[in-house]
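Residue-level listing of the chains:
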Amino acid sequence: MLAQLAVREYRNFHSLDLEVPTGGLVVIGENGHGKTNLLEAVAYLGLLRSFRGARDADVIRFGAPAFHVRATLHAPAAWHTVSVGYERSSKRKRATLDGVEQPRLTSALGALPSVEFSPADVALVASGPGERRRYLDVMLALSSPAYLVALQGYRSALLRRNAVLKAAQRSAVRAQEQEARVSVWEPALAEHGGVIVAARHAFVRAQAGYYAELCAAIGERQEALLRYVSVGGDTRSDALTDPLMQQDALTRAFTQQRSAELRRGVTLVGPQRDDLQLTLGGRELRTFGSAGQQRSAAIALRLLELITLRDALGYSPLLLLDDPFAELDLGRAARVLDLLDAAGASQVLLAVPREQDIPAAYTRLARRTMRDGVLS
Ligand SMILES: Nc1ncnc2c1ncn2[C@@H]1O[C@H](COP(=O)(O)OP(=O)(O)OP(=O)(O)O)[C@@H](O)[C@H]1O
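Reading guide: rules and limits
Residues numbered from 1 in each chain as written. Predicted model: local features only at pLDDT ≥ 70, side-chain atom pairs only at ≥ 80, totals over all residues. Heavy atoms only, no water. Salt bridge = Lys/Arg side-chain N within 4 Å of Asp/Glu carboxyl O. Helix = DSSP H or I, 4+ residues; strand = E, 2+ residues; numbered from the N terminus. Buried < 20%, exposed > 50% of the residue type's maximum accessible area, 1.4 Å probe, protein only. Domains from an automatic or database assignment. Buried area = accessible area lost by both parts, 1.4 Å probe. Polar contact = N/O pair within 3.5 Å; in protein donor to acceptor, adjacent residues only side chain to side chain. Nonpolar A, V, L, I, M, F, W, Y, C, P; charged D, E, K, R; others polar. Near = heavy atom within 4 Å. Areas by Shrake-Rupley, 256 points an atom, 1.4 Å probe, with all protein chains shown as cover. Pairing = 2+ DSSP bridges. 1 Å grid on protein atoms, 1.4 Å probe; cavity = no way out; pocket = protein on both sides within 12 Å on 5 of 7 lines; lining within 4 Å. Points joined across faces, edges and corners; volume = space filled by probe spheres on them. Core = buried A, V, L, I, M, F, W, Y, C linked by side-chain atoms within 4.5 Å. UniProt positions renumbered as here; feature names shortened; annotations may be inferred.

Engineer: Looking at this structure, I do not really get the pattern of salt bridges. What am I missing?
Structural biologist: Side chains carrying opposite charge are able to pair once their charged atoms draw close together. Applying the stated rule across the entire model yields 23 salt bridges. One salt bridge in this structure joins Arg332 and Glu220, with 3.4 Å as the shortest N-O distance. Separated by 112 residues along the polypeptide, Arg332 in helix 11 (residues 330-342) and Glu220 in the loop between helix 7 (186-218) and strand 9 (224-229) bring together distant segments of the chain. According to the relative accessible area criterion, Arg332 is buried, its value standing at 14%. Judged by relative accessible area, Glu220 falls into the buried class, the value being 9%. A salt bridge links Arg354 to Asp357, with the shortest nitrogen-to-oxygen separation between them at 2.9 Å.

Engineer: I'm lost on the domain arrangement of the protein in this one. Help?
Structural biologist: It is common to give the size of an interface as the accessible area lost on bringing the parts into contact. Once the domains are mapped, the protein shows domain 1 (1-112 + 316-375) and domain 2 (123-315). Of the roughly 2000 Å² buried between domain 1 and domain 2 on both sides combined, carbon and sulfur atoms contribute 63%. For the pair domain 1 and domain 2, the interface holds one salt bridge. At the junction of domain 1 with domain 2, the criterion picks out eight residue pairs in polar contact (both at pLDDT 80 or more). Within the residue set of the side of domain 1 that touches domain 2, elements represented by two or more residues are helix 1 (35-47) and helix 11. Element by element, the count of residues in the side of domain 1 that touches domain 2 is highest for helix 11, at six residues. Grouping the amino acids of the side of domain 1 that touches domain 2 by side-chain chemistry returns 16 nonpolar, six polar and five charged.

Engineer: I would appreciate a short explanation of the site of the ligand in the present structure.
Structural biologist: Neighbouring the ligand are 15 residues; Asn31, Gly32, Lys35, Thr36 and Asn37 lie closest to it. In this structure, Arg11 approaches the ligand through a main-chain N or O atom, which is 3.1 Å from a nitrogen atom. A distance of 3.2 Å is found between an oxygen atom of the ligand and a side-chain nitrogen or oxygen belonging to Arg52. Contact with the protein chains hides 72% of the accessible area of the ligand, taken as 660 Å² for the molecule alone. Broken down by element, the shell around the ligand gets its largest block of residues, three residues, from helix 1. Residues of the shell around the ligand, tallied by class, amount to two nonpolar, seven polar and six charged.

Engineer: What's the story with the pairing of strand 1 (residues 2-10) in this structure? I'm lost.
Structural biologist: Note on strand geometry: in a regular strand, side chains alternate between the two faces of the sheet. Within strand 1, seven of the nine residues are buried, which leaves the element mostly enclosed by the surrounding structure. With six bridges connecting them, strand 1 and strand 4 (residues 66-73) associate as antiparallel partners. Within strand 4, the residue paired with Gln4 across the bridge is Thr72. Relative to strand 2 (residues 13-19), strand 1 is paired through six bridges, and the arrangement is antiparallel. Following the sheet pairing, Tyr10 is matched in strand 2 by Phe13. Linking two consecutive strands that pair antiparallel, namely strand 1 and strand 2, is a turn of two residues; a positive phi of about 45° is found at Arg11 within it.

Engineer: Could you clarify how one ought to interpret the layout of surface pockets in this entry?
Structural biologist: Any empty space left between the atoms is revealed when a probe the size of a water molecule rolls over them. By volume, the largest pocket is sized at about 490 Å³. Lining the largest pocket are 24 residues, and of these Phe51, Glu116, Asp121, Arg134 and Arg302 lie nearest its centre. Those elements that provide at least two residues to the lining of the largest pocket are helix 1, strand 8 (114-117), helix 3 (122-126), helix 4 (129-143) and helix 10 (291-313). A total of five residues in the lining of the largest pocket trace back to one element, the largest contributor, which is helix 4. For the lining of the largest pocket, the class distribution of residues is ten nonpolar, five polar and nine charged. Each of domain 1 (1-112 + 316-375) and domain 2 (123-315) contributes no fewer than three residues to the lining of the largest pocket.

Engineer: So what exactly am I meant to see when it comes to the nonpolar core here?
Structural biologist: Buried together is how nonpolar side chains tend to be arranged in soluble globular proteins. In terms of nonpolar packing, the biggest core is built from 68 residues, with Tyr135, Tyr211, Leu301, Leu319, Leu340 and Tyr362 touching the most fellow members. Mapping this core onto the domain boundaries places at least three of its residues in each of domain 1 (1-112 + 316-375) and domain 2 (123-315). Residues Leu5, Leu18, Leu45 and Leu97 belong to the second largest nonpolar core, which totals 42 residues.

Engineer: What is the right way to read the UniProt feature "domain: RecF/RecN/SMC N-terminal" (unreviewed entry) in the protein from this model?
Structural biologist: Summarizing the sequence annotation, UniProt attributes the feature "domain: RecF/RecN/SMC N-terminal" (unreviewed entry) to residues 1-361 in the numbering used throughout. Segment residues 1-361 splits into 46% helix and 20% strand. End C-alpha atoms: 19 Å apart.

Engineer: Explanation requested: empty space enclosed by the protein in the structure shown.
Structural biologist: Counted by the stated rule, this structure contains two cavities of 30 Å³ or more. As a volume, the largest cavity reaches approximately 40 Å³. Lining of the largest cavity is provided by Val125, Arg132, Asp275, Leu276, Gln277, Leu278, Glu284, Leu285 and Arg286. Among the elements that line the lining of the largest cavity, the one with the most residues is strand 10 (residues 275-280), at four residues.

Engineer: Whenever I open this one, the UniProt feature "binding site: ATP" (unreviewed entry) in the protein confuses me. Can you help?
Structural biologist: Residues annotated by UniProt as "binding site: ATP" (unreviewed entry) correspond here to Gly29, Glu30, Asn31, Gly32, His33, Gly34, Lys35 and Thr36. Lining the largest pocket, out of the annotated residues just given, are Thr36. Note on placement: Gly32 falls in the loop between strand 3 (24-29) and helix 1. For Gly32, a relative accessible area of 73% gives the class exposed. Looking at where Thr36 falls in the secondary structure, it is placed in helix 1. On the basis of relative accessibility, which here comes to 21%, the residue Thr36 falls in the partly exposed class.

Dropping the structure here:
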């Protein structure tokens, strides 16, 4: 539970202090006054980066040397205080938990868990596979330390293997020698990649049915399917969620692809090429879905994130609602609110442009007004 928030030099906030009641808070403000910035600052305490994918230097207030966000938390959160800061000149990010600076940033990951719903989530469905991989990675890393370790291990081995592949394109070294340099990274890639691919499959296997139910409950009449499509992984049904079988398949795939990868200068197989495929009535939502259908699928994915984190943490994460009902008809908006309620959301930060945009379910919450980065 978030109790207090102190934000310094973040986006358009010079110095902002906020008390958050147990049930949550509504922030009302016109476009461009800082509502999303506030939710982004809160989410930063869980993700240790911007949920909009902004670079750290870009979220520091224009002209300021550094930003700092600090929160006081109540149970069931694991920590009493969490803070994060980033300095422009040194490019250093620091996180503290209960006043102790963490030698490794990842120890502070998820200290204030939250899930954000915003109209911008439509990118989850409408954009390329990268957005959906990021969705899976954030959710699974926050729910499982083993996934986080695998993800870090995979990313660092992939960077190195790709660097060798790129260098090989300009080098005069014999092909055999080049292959040897590239293959050095493959055992680590296959091992960590096996964990990643199996965990992503396990998520889809566990949640695809619920995803279809959510889409139907929001108002879709056609069948909604969630499928994980892997490049290089084992696609046999009994192998999908088995990390060792996925590891074996990736080992084979890296070997098979190596010479093509040497020509192309990049790794062509592995979880960095996979997709979480979303279809409605058998057609890919990304290409054929209407704006409303894409919005509904994005909301269903966020609801899955909410329950996945809730089940992993043992309590409901903070809900950040950035005017999420803006483009939904009244019937859909009401059904989404019911689903949020059923998912057990407890504390809510809701940002809306006008008072009349506050849904009935949240009219009991305390209200603050945001103007030019200042709350009143
Ligand atoms: N690094 C920064 N330093 C100072 N101001 C910034 C920075 N980054 C963004 N801003 C300002 O933040 C404002 C946008 O705030 P925000 O995205 O929170 O809007 P909003 O209140 O959510 O509006 P909308 O309802 O349109 O989504 C803009 O005025 C922008 O110039």
